[in-house]
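# Structural overview
Chain residues, written in single-letter form:
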Amino acid sequence: MTDRPDRPLYKLYYMPTTASLSVHWVLVFLEQQANVRFTTQLVSFPRSDQRSPAFLHLNPKGRVPTLLIHPDTPQEHVLTESPAILQYLAERHPEARLAPPVTDEPSRAKYLETMTYLANTLLPALRDNFYADKDGEPGEPARAVKTLAQKRIDQAWDYLDRQLNGHEWLVGNDRSAADFLLVSIMGWSEHLHNESCQRSSLRRLAEKMERQEDWLELKRREQQAEAEV
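Residues numbered from 1 in each chain as written. Predicted model: local features only at pLDDT ≥ 70, side-chain atom pairs only at ≥ 80, totals over all residues. Heavy atoms only, no water.

### Notes on helix α3 (residues 82-92)
- Buried within α3 we find S82, P83, I85, L86, L89 and A90. Along the axis of α3, the buried positions cluster into a sector of 165°, meaning they face one direction only. (Buried < 20%, exposed > 50% of the residue type's maximum accessible area, 1.4 Å probe, protein only. Helix = DSSP H or I, 4+ residues; strand = E, 2+ residues; numbered from the N terminus. Arc of directions from axis to C-beta.)

What follows is the structure, given as structure tokens:
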């Protein structure tokens, strides 16, 4: 299918300050850097929009982000899970340099490793730490889960801080999807009162990313959306 320049390529279902932030951020970046058109649909958790039949038809997991690709066309399909969406967007828009090319073998390998580490180690530990009482058994079992999760979180922050030490970005010479994902996770972690930015290299990366025009535009849009929640 040939993409029409006046037709949005994507429609993002999102909720401010949640796991959808990294995807929303990268889409704003792509809009600014590569003229990628997208639309958004707010999913209000206070209104329980994520449990509505219409949303569950799109994403039976009832979570954001949910990305429609080629919305409102016969080719429309759905992609979920932040790390998967970010890697898809990086692959589909190589001109934005969101991932090292396959020909850059060492950086490419480290990029894939880092995205997997964020998705498989850091994100699950943060979720376990925050939702142990809700998802598991309250009391001592939940406290044990939280203790183990916190240990893994601290180890992850230390590891990522060392990886950044002496480097401008997590991987290679350009901002990659890994940087967007990591800084978004750091913000979510601090929203959950789990500090990450005491590590100097992590703090430096976050400050640099949050000075970028794409972040400032994202913040404006998400703050506007929060008023509608």
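### Overview of the packing of helix α1 (residues 21-34) against α3
- Interhelical geometry of α1 versus α3 gives an angle of 15° and a closest axis separation of 9 Å. Classified by the angle between their axes, α1 and α3 sit roughly parallel to one another. Note on packing geometry: the crossing formed by α1 with α3 is left-handed. Listed contacts from α3 to S22, V23, V26, L27 and L30 of α1 are S82, I85, L86 and L89. (Axes fitted to C-alpha atoms, helices over the stretch in contact; angles between N-to-C directions. Parallel < 35°, antiparallel > 145°, perpendicular 65-115°, else oblique. Left-handed = near helix turned anticlockwise from the far one by under 90°. Contact = heavy atoms within 4.5 Å.)

### Remarks on the sheet that holds strand β1 (residues 10-14)
- Pairing within the open sheet is mixed, and its 4 strands lie in the order β2-β1-β3-β4. Since the sheet does not close on itself, it has two edges, and those belong to β2 (38-42) and β4 (77-80), each with one partner. For this sheet, the mean inter-axis angle between neighbouring strands, taken without regard to orientation, is 25°.
- One ladder, built from 4 bridges, connects β1 with strand β3 (residues 66-69); its direction is antiparallel. Within the sheet, the bridge partner assigned to L12 lies in β3 and is L67. (Pairing = 2+ DSSP bridges.)

### Some remarks on the pattern of salt bridges
- Inspection of the entire model under this criterion finds 15 salt bridges.
- Here E81 and K61 are joined by a salt bridge, their closest N and O atoms 2.8 Å apart. Taken together, the residues span a long stretch of sequence, with E81 in the loop between β4 and α3 and K61 in the loop between α2 (53-58) and β3 at a distance of 20 residues.
- Its relative accessible area of 44% is what places K61 among the partly exposed residues.
- For the salt bridge of E168 with K208, the shortest nitrogen-to-oxygen distance reads 3.7 Å. One end of the pair, E168, is in the loop between α5 (140-164) and α6 (177-191); the other, K208, is in helix α7 (residues 200-209), and 40 residues separate them in sequence.
- Accessibility expressed as a relative area gives 44% for E168, which makes it partly exposed. (Salt bridge = Lys/Arg side-chain N within 4 Å of Asp/Glu carboxyl O.)

### Remarks on the layout of surface pockets
- Here the largest pocket defines a volume of roughly 950 Å³.
- Along the walls of the largest pocket sit 32 residues, with A19, R63, V64, R127 and Y131 positioned nearest its centre.
- Put simply, the parts of the chain that give the lining of the largest pocket at least two residues each are α1, α3, α4 (105-135) and α6.
- Among the elements that make up the lining of the largest pocket, the one with the highest residue count is α4 (8 residues).
- Each residue belonging to the lining of the largest pocket can be placed in one class, and the counts come to 15 nonpolar, 10 polar and 7 charged.
- Here the second largest pocket defines a volume of roughly 300 Å³.
- Forming the boundary of the second largest pocket are 15 residues, of which T17, L21, G187, W215 and E222 lie nearest the centre.
- Of all the elements, helix α8 (residues 213-226) adds the most residues to the lining of the second largest pocket, at 6 residues. (1 Å grid on protein atoms, 1.4 Å probe; cavity = no way out; pocket = protein on both sides within 12 Å on 5 of 7 lines; lining within 4 Å. Points joined across faces, edges and corners; volume = space filled by probe spheres on them. Nonpolar A, V, L, I, M, F, W, Y, C, P; charged D, E, K, R; others polar.)

### Some details on the UniProt feature "domain: GST N-terminal" (unreviewed entry) in the protein chain
- According to UniProt, the positions carrying the feature "domain: GST N-terminal" (unreviewed entry) are residues 8-97.
- The span residues 8-97 is 34% helical and 20% strand by assignment, and the distance between its end C-alpha atoms comes to 21 Å. (UniProt positions renumbered as here; feature names shortened; annotations may be inferred.)

### Focus on the packing of aromatic side chains
- On inspection of all chains with the given rule, the structure shows 5 aromatic pairs.
- Measuring from ring centre to ring centre gives 5.0 Å for W25 and F180, while their planes differ by 75°; the resulting arrangement is edge-to-face. One end of the pair, W25, is in helix α1; the other, F180, is in helix α6, with 155 residues separating them in the sequence. Each of the two residues, W25 as well as F180, counts as buried.
- Among the aromatic residues, those joined into a cluster by ring pairs are W25, F29, F180 and W215.
- Over the face of the ring belonging to W169 we find K208, whose NZ or CZ atom lies 4.6 Å from the ring centre. (Phe/Tyr/Trp six-rings, centres within 6.5 Å; stacked < 30°, edge-to-face > 60°. Lys NZ or Arg CZ within 6 Å of the ring centre and 35° of its normal.)

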